[in-house]
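Commentary on secondary and tertiary structure
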Amino acid sequence: MTDVRTYGDELAVVTVTYSPGETLGRFLDTLPRATDRPVRVVLADNGSTDGEPERAAAEHDHVDLVPTGGNLGYGGGANRGVASLGTEYGWVVIANPDLEWQPGSIDELLAAAKRWPRGGSFGPLIREPGGEVYPSARMLPSIGRGAGHAVFGKIWPGNPWTRAYRQSEAEITERPAGWLSGSCLLLRREAFDSIDGFDPRYFMYFEDVDLGDRLRRKGWLNIYAPKAEVMHIGGRSTSKAAKRMLLEHHRSAYRYLADRHPGPLWAPLRLALRAALALRARIETR
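Scope of this entry: the structure provided in the associated data block.

Conventions adopted
Residues numbered from 1 in each chain as written. Predicted model: local features only at pLDDT ≥ 70, side-chain atom pairs only at ≥ 80, totals over all residues. Heavy atoms only, no water. Helix = DSSP H or I, 4+ residues; strand = E, 2+ residues; numbered from the N terminus. Buried < 20%, exposed > 50% of the residue type's maximum accessible area, 1.4 Å probe, protein only. Core = buried A, V, L, I, M, F, W, Y, C linked by side-chain atoms within 4.5 Å. Contact = heavy atoms within 4.5 Å. Patch = residues over 30% accessible without salt bridge, like charges linked within 9 Å, V, L, I, M, F, W, Y side chains within 5 Å. Areas by Shrake-Rupley, 256 points an atom, 1.4 Å probe, with all protein chains shown as cover. Salt bridge = Lys/Arg side-chain N within 4 Å of Asp/Glu carboxyl O.

Observations concerning unusual backbone geometry
Here the phi dihedral of aspartate 196 falls at roughly 60 degrees; this positive angle occurs in a residue that is not glycine. Residue placement: aspartate 196 occurs in the loop between helix H7 (189-194) and helix H8 (207-217). Even without glycine at this site, tyrosine 205 takes up a positive phi of about 75 degrees. A residue is classified by how much of its surface remains accessible, and tyrosine 205, at 28% relative accessible area, is partly exposed.

Structure follows, in structure tokens:
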């Protein structure tokens with residue numbers, strides 16, 4: 001059972017690093033313009049070999065390096081980073097190390113938190129480097145919507161399941177969402193604690209979908225706050241890493257939907273979903 005703790009009002013930023021390269025420098029350089037408040041940065045390092053996390057911690061007094069002991073994946077690494085913080089930190093931003101912070105972005109998220117006292121997570125508007133808005137506030141995937149998006153999303157991008165799931169046509173306004181992209185989230189630590197953080201079974205992908213759903217089930221809201229804005233630069237990956245990422249995406253999609261449809265009644269549908277996702281994975285990794 002999770003201990004009930006009282007947290008202070010201080011702010012920390014946790015980012016999971018795995019040989020982040022030069023993007024980490026840009027992340028830290030732009031962070032001061034995101035908030036007027038003092039901020040502690042935790043680099044939850046999953047086994048970097050490029051020396052960048054060590055260099056960043058040595059150059060910045062407010063940056064702590066927390067080795068996780070291995071590659072725990074995004075959610076597992078984030079959990080370790082949050083666990084390293086004292087109880088004075090009641091607000092935690094979990095973010096990818098390949099972000100650029102726009103002026104006032106974290107302060108805008110904190111302002112949204114005041115407007116939504118039952119908000120457990122708060123997500124900004126996320127732009128791609130070309131200026132496009134990434135659909136970061138989405139509906140939770142039902143078995144039909146999730147399966148339709150998973151099977152047809154790549155070969156038929158305009159299919160109705162993908163459009164509904166991604167909320168591509170939704171108005172860009174402050175509102176509750178089913179889930180928010182884990183690439184940048186402000187979390188009320190009380191809410192994060194109430195669900196024991198990220199589920200470490202998700203190595204990568206769907207850990208944020210699962211988090212949003214479990215927050216909702218605990219009575220918290222996931223609030224999209226587009227007055228806050230960040231840019232997702234994007235990291236580098238080899239073709240081998242890209243293939244593994246694609247396979248992990250399919251595994252995580254199946255785990256999420258299978259977890260929510262247990263028992264013999266749903267067994268035929270789970271079997272069909274597993275087969276469809278495996279077929280899609282084979283096609284896309286050729």
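What to know about the nonpolar core
Note on soluble globular proteins: their nonpolar side chains tend to be buried together. Counting 30 residues, the largest nonpolar core has Val13, Val93, Trp101, Ile106 and Leu186 as its most contacted members. Tryptophan 101 has contacts with Val13, Phe27, Thr30, Leu31, Arg33, Ala34, Val93, Ala95, Ile106, Cys184 and Val230, leaving out every residue within four places of it along the chain. Counting residues in each nonpolar core, the second largest holds 27 residues, with Val66, Leu185, Ile195 and Tyr224 among its members.

Focus on a nonpolar patch on the surface
A contiguous nonpolar surface patch, about 310 Å² in accessible area, is contributed by Leu265, Trp266 and Leu269. Structurally, the position occupied by leucine 265 is in the loop between helix H9 (239-259) and helix H10 (267-284). Exposure remark for leucine 265: the relative accessible area of 72% places this residue in the exposed category.

Topic: the pattern of salt bridges
Tallied over the full model, the rule gives 13 salt bridges. Glutamate 100 is the salt-bridge partner of arginine 26, the closest N and O atoms lying 3.0 Å from each other. Residue arginine 26 is found in helix H1 (residues 23-30), and its partner glutamate 100 is found in strand S5 (residues 99-101); the two are separated by 74 residues along the sequence. Given a relative accessible area of 36%, arginine 26 falls into the partly exposed group. We classify glutamate 100 as buried; its relative accessible area is 17%. Residue aspartate 213 pairs with arginine 216 through a salt bridge whose shortest N-O separation is 2.6 Å. Remark: arginine 216 and aspartate 213 occur in helix H8; sequence separation between them is three residues, near one turn of the helix. For arginine 216, a relative accessible area of 43% puts it in the partly exposed group.

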